[in-house]
Amino acid sequence: MAKLALNKSALSKEKQRKAAYGRYLPSLEMKQKQLLLERKKAEEALQQHVDDIQSLEASVYQKLPMLAVVNIQMEGLVVVESFQLAEENLLGTKVPVLESIHFKRAEYGYLIRPHWFDELAVSLEKVMLLKMEEQVLRIRLEKLKAAARTITQRVNLFSKVLIPEAEVNIKKIGLFLSDQERAGVVRSKLAKQKKLVDIGGEQL
């Protein structure tokens, strides 16, 4: 760490630093507040999806109790054929968005599979959509958490380190310059008195 220069130039620089930090800090704090709000929204949205999945699964088993029969083959009834993710810039943080998803249902004859398979397929698509959205929401939440941590570190750096450091330096330089000024006044007075004494001696 460079040694602090105790002069007027250094004092001016420290004051400029403090002013710059002071101007930048409010925008950082505003972004921090907005990111924390978005993080909270993401947490709530994720929890809502988890609850919706559990509720839908419970509803399916209530409507279709025959699912408990172990010899019913449901593998491959509904599969994700394709999906498209987009990217959203949220307060400078890039987060994913599920733009579209397409399902493919297995082809089966009506005489081979039970009549309620159509209803089951629709329910499976709903559950799979919610689970895909849940995965995307988890990624969004992690990215927002990371962004919130980063901005909080910056806010702390400015408010707890850089600004207080500049204030301490300003005070230290100010005290030194004040002491120097007082010492200069004292030296000036002493020199003036000495001059007067010398002149008086000469007159004698």
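Residues numbered from 1 in each chain as written. Predicted model: local features only at pLDDT ≥ 70, side-chain atom pairs only at ≥ 80, totals over all residues. Heavy atoms only, no water.

S.K.: Is there a simple way to think about the overall build of the chain in this case?
M.R.: Along the chain, the regular secondary structure elements total two helices and two strands. Counting helices and strands in the order they occur from the N terminus, the chain gives α-β-β-α. Residues counted as buried form 27% of the 204 residues belonging to the chain. For the chain, restricting intrachain contacts to residue pairs at least 6 apart in sequence, the fraction spanning at least 24 positions comes to 77%. Total accessible area on the chain stands at roughly 14,400 Å², and carbon and sulfur atoms take up 56% of it. (Helix = DSSP H or I, 4+ residues; strand = E, 2+ residues; numbered from the N terminus. Buried < 20%, exposed > 50% of the residue type's maximum accessible area, 1.4 Å probe, protein only. Contact = heavy atoms within 4.5 Å. Areas by Shrake-Rupley, 256 points an atom, 1.4 Å probe, with all protein chains shown as cover.)

S.K.: Quick question: what am I supposed to make of the pairing of strand β1 (residues 78-90) here?
M.R.: Residues in a regular strand project their side chains so that they alternate between the two faces of the sheet. With twelve bridges joining them, β1 and strand β2 (residues 93-105) adopt antiparallel strand pairing. Counted as the bridge partner of A86 is V97 from β2. Linkage of β1 to β2, two consecutive antiparallel strands, is achieved through a turn of two residues, within which L91 is found at a positive phi near 55°. (Pairing = 2+ DSSP bridges.)

S.K.: Can you help me understand a nonpolar patch on the surface in this one?
M.R.: Residues V80, F83 and L85 make up a contiguous nonpolar surface patch of roughly 240 Å² in combined accessible area. By the secondary structure assignment, L85 is in strand β1. By relative accessible area, which is 40% here, L85 ends up partly exposed. (Patch = residues over 30% accessible without salt bridge, like charges linked within 9 Å, V, L, I, M, F, W, Y side chains within 5 Å. Salt bridge = Lys/Arg side-chain N within 4 Å of Asp/Glu carboxyl O.)

S.K.: It is not clear to me how the pattern of salt bridges should be interpreted in this structure. Could you clarify?
M.R.: It is possible for side chains bearing opposite charge to pair when their charged atoms get close. The tally for this structure, following the rule as stated, stands at eleven salt bridges. When the shortest N-O distance is used, the salt bridge between R138 and E134 registers 2.8 Å. Of this pair, R138 and E134 both sit in helix α2 (residues 117-203), separated by four residues, roughly a single helical turn. Overlapping salt bridges, with partners in common, bring together E14, R17 and E165 in one network.

S.K.: Whenever I open this one, the side chain of E134 confuses me. Can you help?
M.R.: Look at E134 and you get buried, because its relative accessible area is 15%. If sequence neighbours within four positions are ignored, E134 has contacts with L46, H49, V50 and I53.

S.K.: I tried to follow unusual backbone geometry on my own but got confused; where do I start?
M.R.: Keep in mind that most residues, glycine aside, have a negative phi and that most peptide bonds are trans. Of note, L91 is a non-glycine position whose phi angle comes to about 55°, a positive value. Here L91 is to be found in the loop between β1 and β2.

S.K.: Is there a simple way to explain the nonpolar core in this structure?
M.R.: By size, the foremost hydrophobic cluster in this structure holds 18 residues, and its most contacted members are Y21, L25, L28, L35, L46, L144 and F158. Listed by contribution, the elements that provide at least two residues to this core are α1 (8-63) and α2. Broken down by element, this core gets its largest block of residues, nine residues, from α2. Counting residues in each nonpolar core, the second largest holds 17 residues, with V60, L64, I101 and L120 among its members. (Core = buried A, V, L, I, M, F, W, Y, C linked by side-chain atoms within 4.5 Å.)

S.K.: I would appreciate a short explanation of the packing of aromatic side chains in the present structure.
M.R.: Aromatic ring pairs are defined here through the distance separating the ring centres and the angle between the ring planes. Evaluated as defined, the whole model comprises two aromatic pairs. Measuring from ring centre to ring centre gives 5.4 Å for Y21 and F158, while their planes differ by 90°; the resulting arrangement is edge-to-face. With Y21 in helix α1 and F158 in helix α2, the pair connects residues that are 137 residues apart, well separated along the chain. By the burial criterion, Y21 is buried, and F158 matches it. Judged by centre distance (5.3 Å) and plane angle (65°), the rings of Y24 and F158 are edge-to-face. Taken together, the positions of Y24 in helix α1 and F158 in helix α2 put the pair 134 residues apart, joining distant regions of the chain. Aromatic rings pair up to connect Y21, Y24 and F158 into one cluster. (Phe/Tyr/Trp six-rings, centres within 6.5 Å; stacked < 30°, edge-to-face > 60°.)

S.K.: Just to check I follow, could you spell out the environment of L137 for this structure?
M.R.: Relative to the helices and strands, L137 resides in helix α2. Dropping the residues within four chain positions of it, L137 is found in contact with A45, L46 and H49.

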